[in-house]
Amino acid sequence: GQNPQPEQELHDHLDDHAFSLSPITLKKLPHLSDYLQDLQGPNPLDHNPFFHPSDGFYVNSSDVVLRQVACRLSPSGTIASPSHHLAYIRAGPRKQIFFDHCATRAAIVTCGGLCPGMNTVIRELVVGLWDLYGVRQIYGIKAGYRGFYSIHPIELNPKMVHNWHRRGGTVLETSRGGFDLTKIVDAIENHGFNQVYIIGGDGTMRGAVKIFEEVRRRKLEVGVTGIPKTVDNDVGIIDRSFGFQTAVEMAEQAIHAAHVEAESAVNGIGLVKLMGRSTGHIALHATLSSRDVDCCLIPETEFYLEGKGGLLEFLEQRLKERGHAVVVVAEGAGQDLIRRTTAQKEERDESGNMVFLDVGAWLKTELKKWWDREHPHELFTVKYIDPTYMIRAVPANATDNLYCTLVAHSAIHGLMAGYTGFVTGPINGNHAYIPLADVAQAKNEVNIKDHKWEWVRSITNQPDFVKSKQNSV
Ligand code: ATP
Ligand code: MG
């Protein structure tokens, strides 16, 4: 007889073994009914004139999102790896909800640095609470965590926030430091807030975990949710964070300008410093999409200047061949190469984070010193561009705005359902609820062993510093 096509064979197997998956662990969430009397009622969306909830509208309590969808199959059609799956509760509206919308009093706060899309998230929280659930008591906490106990909350409504998504920054204002747990939770109690939406970065999420734990310890009827804000895309578990795509787009423009400057000079170097303290995602993505970059330096992998296989040797070669070069450096790269004064070693920001030294300015100085030493009679120009604040301050682009809307609505649905201590974000494209503590710990770093980094190296032709160093030792 004829042999079946290989695709056919695999397909037949899959039909037979459709249920032979690896074991699944569900990441359960804390729920206010864990310690409060559960008085769940029907979702007011049932009677919202703009919705006609059909069967598929509400998310079922057993709907989940799997962490990993790229798997390896064994010859028998079962999943060989991963040997074990993680599942998260799917985000979305529930048929039964925990909060009475008339008694709901929501507070929204933004902390840490700026990120495109913060205002969109605030706007959508306000409009979503108001329009979807009929909540009328919505408050903005000004100036970050300290605002809970030091400034009177401002009342928000859809009319007030209607065009906020077109504005960069955060209208609520933000700050660092000022995290006083007792004062914050006292203020939440005193103001009678029962839903708290916290928008911020890694530090903010660690603070949110503490607020959630203190609220639970006091057995308060208060739901707490975190919405991760990180332009660097350094938060783990979720696919990406809002503002990232806008940042990459803006970063590409900075690279383009650097390229024009470099090309138009004799021995011109365009140097661009991009955001990314612990991760180089923006630098990597902007490099891949721009194609004008000759060397991309990120915190996940080391580099060095002098000697064989070093950056200077590489740039010498590039200038000889092409007359110009573009270097992109993420702000966290090369921090250990820069000599710090004792005062700089101890410098901390208001939140207690180590202050990063300006790797771009340092690199510019080193490049000039090198050229003056090696080619004192030849022209040479370094044009250094630091677009950080320009990138952070723009409003979100269309994709990020849509993301912000989805994430805000998911957060509302989750708190309304009575879940607490969670973060909302897309996992494999589906929004899910993830325990806050997991997100506060998970990091998303560039994997320099996978194909994406190899792709960067093949586009730029930059040296493999790690390998060169090993070979020269
Ligand atoms: P980004 O780094 O993206 O700008 P971030 O949220 O990490 O954002 P931080 O300035 O580190 O910014 O922290 C924001 C707020 O969270 C500050 O008010 C800070 O006091 C508080 N915070 C930071 N770390 C913690 C922590 N471990 N526990 C409690 N609060 C924290
Ligand atoms: Mg941070």
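Residues numbered from 1 in each chain as written. Chains lettered and ligands numbered in written order. Predicted model: local features only at pLDDT ≥ 70, side-chain atom pairs only at ≥ 80, totals over all residues. Heavy atoms only, no water.

### So, the overall build of the chain
Item 1. When helices and strands are tallied, the chain shows 16 helices and 18 strands.
Item 2. Computed over the C-alpha atoms, the radius of gyration of the chain is 26 Å, within 12% of the 23 Å expected from 2.2 N^0.38 for a compact globule of 473 residues.
Item 3. On the principal axes, the C-alpha backbone points of the chain span a range of 80 × 80 × 40 Å.
Item 4. By residue count, 52% of the 473 residues in the chain fall in the buried class.
Item 5. A total accessible area of about 22200 Å² is found for the chain, and carbon and sulfur atoms account for 50% of it.
Item 6. Charge centroids of the chain, computed over 48 positive and 55 negative side chains, lie 5 Å from each other. (Helix = DSSP H or I, 4+ residues; strand = E, 2+ residues; numbered from the N terminus. Rg over C-alpha atoms; globule rule 2.2 N^0.38 Å. Buried < 20%, exposed > 50% of the residue type's maximum accessible area, 1.4 Å probe, protein only. Areas by Shrake-Rupley, 256 points an atom, 1.4 Å probe, with all protein chains shown as cover. Lys, Arg positive; Asp, Glu negative; His and termini not counted. Charge placed at Lys NZ, Arg CZ, Asp CG, Glu CD.)

### Looking at the site of ligand 1
Item 1. Near ligand 1, the surroundings consist of 16 residues, among which R176, G177, D202, T204 and S351 are the closest.
Item 2. Between ligand 1 and G203, the relevant distance is 2.8 Å, taken from an oxygen atom to a main-chain nitrogen or oxygen of the residue.
Item 3. Expressed as a share of its isolated accessible area of 630 Å², the protein-covered part of ligand 1 is 84%.
Item 4. When its residues are assigned to classes, the shell around ligand 1 shows two nonpolar, nine polar and five charged. (Near = heavy atom within 4 Å. Polar contact = N/O pair within 3.5 Å; in protein donor to acceptor, adjacent residues only side chain to side chain. Nonpolar A, V, L, I, M, F, W, Y, C, P; charged D, E, K, R; others polar.)

### Some thoughts on the confidence of the model for the chain
Item 1. Averaged over every residue, the pLDDT of the chain is 92; the share at 70 or more is 95%.
Item 2. The model gives residues 14-19 a pLDDT under 50, and that stretch makes four contacts with residues more than four places away or in other chains.
Item 3. Across the assembled chains, the prediction reports ipTM 0.99 with pTM 0.93. (pLDDT = per-residue confidence, 0-100. Contact = heavy atoms within 4.5 Å.)

### Description of the sheet that holds strand 14 (residues 295-297)
To summarise the sheet geometry, strands pair through backbone hydrogen bonds and adopt either a parallel or an antiparallel arrangement.
Item 1. Taken in spatial order, the four strands line up as 14-15-13-16 in an open sheet, and their pairing is parallel. What marks the edges here is a single partner per strand, and that holds for strand 14 and strand 16 (381-385). Shown here is a sheet whose adjacent strand axes are inclined to one another by a mean of 15°, direction ignored.
Item 2. As paired strands, strand 14 and strand 15 (residues 324-330) are joined by three bridges and run parallel to one another. Of the residues in strand 15, the one forming a bridge with C295 is V327.
Item 3. Helix 9 (residues 311-322) contacts strand 13 (268-274), strand 14 and strand 15 of the sheet and is inclined by roughly 145° relative to strand 15. (Pairing = 2+ DSSP bridges. Axes fitted to C-alpha atoms, helices over the stretch in contact; angles between N-to-C directions.)

### Considerations on helix 6 (residues 202-217)
Item 1. An ideal rise of 1.5 Å per residue puts 22 Å on 16 residues; helix 6 measures up with 23 Å between its terminal C-alpha atoms.
Item 2. Listed in full, the buried residues belonging to helix 6 are T204, M205, G207, A208, V209, I211, F212, E214 and V215.
Item 3. Just downstream of helix 6, K219 is the residue with a positive phi angle, here 55°. (Expected span 1.5 Å × (residues − 1).)

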